[in-house]
Amino acid sequence: MLLVVLSFQWQGVDPKKNRSVPPFRRSETDYVLLVEWGCRVFELCDAFPDLCFSINGGVNTLDLAKQLLSGEWRKAEDKAAARPHSCDNEAAEGVHLGGLHGVMIGRAAMNDPCCLAQADKLIYGASANPESAHCRRSLLMAYTDYLERYEARVDEPKSPFVLLKPILGVLSGMPGQRHFRHTLDTKIRRSAPDETAVEALHQAIDAVDHEFPGVLDYPLSMGKNPRYEELRSSLEQQLRSPD
């Protein structure tokens, strides 16, 4: 398998800045992004059909990942209008190309872990997503179970900062995000030496429930809603629904 990375490390630039300098060749829509640089990777797939290619860089949604994995392309007229340089002749005629072996979603998942909530159905063809992907509370409870098992089996667990960093963005784009992150950050930095990551996470959950009741129970399938009043109204309608 070959991994095609769409970025490179600049000398003298720390890892955080390197994620934005130089910027990816990004366009206004996911589809234009796919056509601009994804086309070149698919050309490699055609040139070396016995090899498996995966791509890493600039993929921020599961929908775009699915397009890359399946090799979906629009007709030649759409692509010609979207990019100044055409692909090879077969692609320019709208021939369906084979998909990629794999797609890496890195920064998007780090900033918003919930962006992967539909992965089981959308990417892997499962009949349903796991129960942990129903809402942010179920996700955090599943992660709490994982932390409890981890802390029980190791003599010296990693610091709460390391263990809780993956879920800092769980409320990205939702009411309570700043409150959640601030509570976790405060607990991580000021907690007693013997306080566990599980205890810190439970306190952050309690803090969000107190300030923004219902936010953690908002279904992930409904996307994001930064307006708390609208969110509460949606939850109340669901509770009144006979289903």
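Further up the page is the structure itself.
Rules used throughout
Residues numbered from 1 in each chain as written. Predicted model: local features only at pLDDT ≥ 70, side-chain atom pairs only at ≥ 80, totals over all residues. Heavy atoms only, no water. Helix = DSSP H or I, 4+ residues; strand = E, 2+ residues; numbered from the N terminus. Buried < 20%, exposed > 50% of the residue type's maximum accessible area, 1.4 Å probe, protein only. Contact = heavy atoms within 4.5 Å. Areas by Shrake-Rupley, 256 points an atom, 1.4 Å probe, with all protein chains shown as cover. Axes fitted to C-alpha atoms, helices over the stretch in contact; angles between N-to-C directions. Left-handed = near helix turned anticlockwise from the far one by under 90°. Nonpolar A, V, L, I, M, F, W, Y, C, P; charged D, E, K, R; others polar. Phe/Tyr/Trp six-rings, centres within 6.5 Å; stacked < 30°, edge-to-face > 60°. Patch = residues over 30% accessible without salt bridge, like charges linked within 9 Å, V, L, I, M, F, W, Y side chains within 5 Å. Salt bridge = Lys/Arg side-chain N within 4 Å of Asp/Glu carboxyl O. Parallel < 35°, antiparallel > 145°, perpendicular 65-115°, else oblique. Arc of directions from axis to C-beta. Core = buried A, V, L, I, M, F, W, Y, C linked by side-chain atoms within 4.5 Å.

Caption draft 1: Summary view of the overall build of the protein. In terms of helices and strands, the protein carries twelve helices and three strands. By residue count, 37% of the 243 residues in the protein fall in the buried class. For the protein, contacts bridging at least 24 residues in sequence account for 68% of all contacts bridging at least 6. Surface accessibility of the protein: about 14800 Å² in total, with carbon and sulfur atoms responsible for 52%.

Caption draft 2: Quick look at the environment of P130. Mapped onto the fold, P130 is located in the loop between α7 (119-122) and α8 (136-153). Residue classification places P130 among the partly exposed positions, given a relative accessible area of 35%. Here the alpha-carbon distance between P130 and A117, two residues 13 residues apart in the chain, equals 8.7 Å.

Caption draft 3: Looking closely at the packing of helix α10 (residues 177-190) against helix α11 (residues 197-211). Here α10 crosses α11 at 145°, and the two axes come no closer than 9 Å. Note on packing geometry: the crossing formed by α10 with α11 is right-handed. Of the residues in α11, those touching α10 at H179, F180, T183, L184 and K187 are A200, L201, Q203, A204, A207, V208 and E211. Here the contact of α10 with α11 is built from residues that sort into seven nonpolar, three polar and two charged.

Caption draft 4: Local environment of the packing of aromatic side chains. Under the criterion given, the structure shown has three aromatic pairs. Taken together, the aromatic side chains of Y143, Y146 and Y150 make up a single cluster linked through ring pairs.

Caption draft 5: Focus on a nonpolar patch on the surface. Taken together, L44, F48 and L51 make up a surface patch of nonpolar side chains, about 260 Å² in accessible area. For F48, the position within the fold is in the loop between α2 (30-47) and β2 (53-56). Since its relative accessible area comes to 44%, F48 is described here as partly exposed.

Caption draft 6: Just the pattern of salt bridges, in detail. Counted under the stated rule, the structure contains three salt bridges. When the shortest N-O distance is used, the salt bridge between R137 and D217 registers 2.7 Å. Note that R137 is positioned in helix α8 and D217 in the loop between α11 and α12 (228-240), a separation of 80 residues in sequence. A relative accessible area of 23% places R137 in the partly exposed class. Using a relative accessible area of 32% as the deciding quantity, one classes D217 as partly exposed.

Caption draft 7: Local environment of the packing of α8 against α11. Two elements in contact, α8 and α11, have axes separated by 9 Å at closest approach and are oriented at 165°. Taken together, the axis directions place α8 and α11 in an arrangement best described as roughly antiparallel. The two elements α8 and α11 meet at a crossing, and its hand is left-handed. Along the contact surface, α8 presents R137, L140, M141, Y143, T144, L147, E148 and E151, while α11 presents A197, V198, L201, H202, I205 and D209. The residue inventory of the contact of α8 with α11, partitioned by class, reads eight nonpolar, two polar and four charged.

Caption draft 8: Here's a closer look at helix α3 (residues 62-70). L62, L64, A65 and L68 are the residues of α3 that are buried. Burial along α3 is one-sided: seen end-on, the buried residues are contained in an arc of 155°. Remark: G71 follows α3 within two positions and exhibits a positive phi of approximately 80°.

Caption draft 9: Up close: the nonpolar core. Within the largest apolar cluster, 31 residues are counted, with the highest numbers of intra-cluster contacts made by L140, L147, L164, I167, F180 and L201. Per element, the largest residue contribution to this core is seven residues, and it comes from α11. With residues near it in sequence (within four places) discarded, L140 still touches I167, V170, F180, L201, I205 and L216.

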